[in-house]
Amino acid sequence: MNDSKKLDVDIGQDHIVIQRRYAALGAVNDLLIAIWFLIGSFFFLKESLTTDGTWLFILGSAQLLIKPLIKLVSLIHVGRVYKRSSQR
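Residues numbered from 1 in each chain as written. Predicted model: local features only at pLDDT ≥ 70, side-chain atom pairs only at ≥ 80, totals over all residues. Heavy atoms only, no water.

Asks: Hey, could you run me through the packing of helix α2 (residues 13-43) against helix α3 (residues 50-87) in this one?
Replies: The relative placement of two packed helices comes down to the angle between their axes together with the axis-to-axis distance. Running from amino to carboxyl end, α2 crosses α3 at an angle of 170°, the nearest separation of the two axes being 8 Å. Between α2 and α3, the angle falls in the class roughly antiparallel. Looking at the contact of α2 with α3 residue by residue, the class counts come to 18 nonpolar, 12 polar and four charged. (Axes fitted to C-alpha atoms, helices over the stretch in contact; angles between N-to-C directions. Helix = DSSP H or I, 4+ residues; strand = E, 2+ residues; numbered from the N terminus. Parallel < 35°, antiparallel > 145°, perpendicular 65-115°, else oblique. Nonpolar A, V, L, I, M, F, W, Y, C, P; charged D, E, K, R; others polar.)

Okay, here's the thing in structure tokens:
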């Protein structure tokens, strides 16, 4: 059995709901990252907007830190729900 199968915890409907919520949150985060970097790139085409473009790149880079945090929170949340359901 590979490692990904060992880490997959099936707790029924709760697992599906939690997984979908965090997947949606991750998708919104990824979309915002793409928007900040795209707008920031266009801002670099005009010298007067270079500073604003730099701030958008910084914002996008900071949001890249959020990606693993979303995954970790998701795993912790699923773990807690699994623990609760196994105690019943």
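Asks: How should the confidence of the model for the protein chain be read in this particular structure?
Replies: The predicted coordinates should not be examined in detail at positions where pLDDT is low. Mean pLDDT for the protein chain: 86, with 85% of residues reaching 70 or above. The weakest mean pLDDT in the protein chain belongs to helix α1 (residues 3-7) at 51; the strongest belongs to α2 at 92. (pLDDT = per-residue confidence, 0-100.)

Asks: Where do I start with the pattern of salt bridges in this structure?
Replies: Pairing between side chains of opposite charge can happen when the charged atoms of each approach one another. This structure, assessed with the given rule, holds one salt bridge. With its nearest N and O atoms 2.7 Å apart, the salt bridge here joins Asp30 to Lys67. Separated by 37 residues along the polypeptide, Asp30 in helix α2 and Lys67 in helix α3 bring together distant segments of the chain. (Salt bridge = Lys/Arg side-chain N within 4 Å of Asp/Glu carboxyl O.)

Asks: Quick question: what am I supposed to make of the packing of aromatic side chains here?
Replies: The description of two aromatic rings rests on the distance between their centres and on the angle between their planes. Tallying each qualifying case throughout the model produces two aromatic pairs. Centroid distance Phe37 to Phe57: 5.4 Å. Interplanar angle 25°. Geometry classified as stacked. Of the two residues, Phe37 is situated in helix α2 and Phe57 in helix α3; the sequence distance between them amounts to 20 residues. Its relative accessible area of 27% is what places Phe37 among the partly exposed residues. Taken together, a centroid distance of 5.2 Å and an interplanar angle of 10° make the contact between Phe44 and Phe57 stacked. Residue Phe44 is located in the loop between α2 and α3, and its partner Phe57 is located in helix α3; the two are separated by 13 residues in the primary sequence. (Phe/Tyr/Trp six-rings, centres within 6.5 Å; stacked < 30°, edge-to-face > 60°. Buried < 20%, exposed > 50% of the residue type's maximum accessible area, 1.4 Å probe, protein only.)

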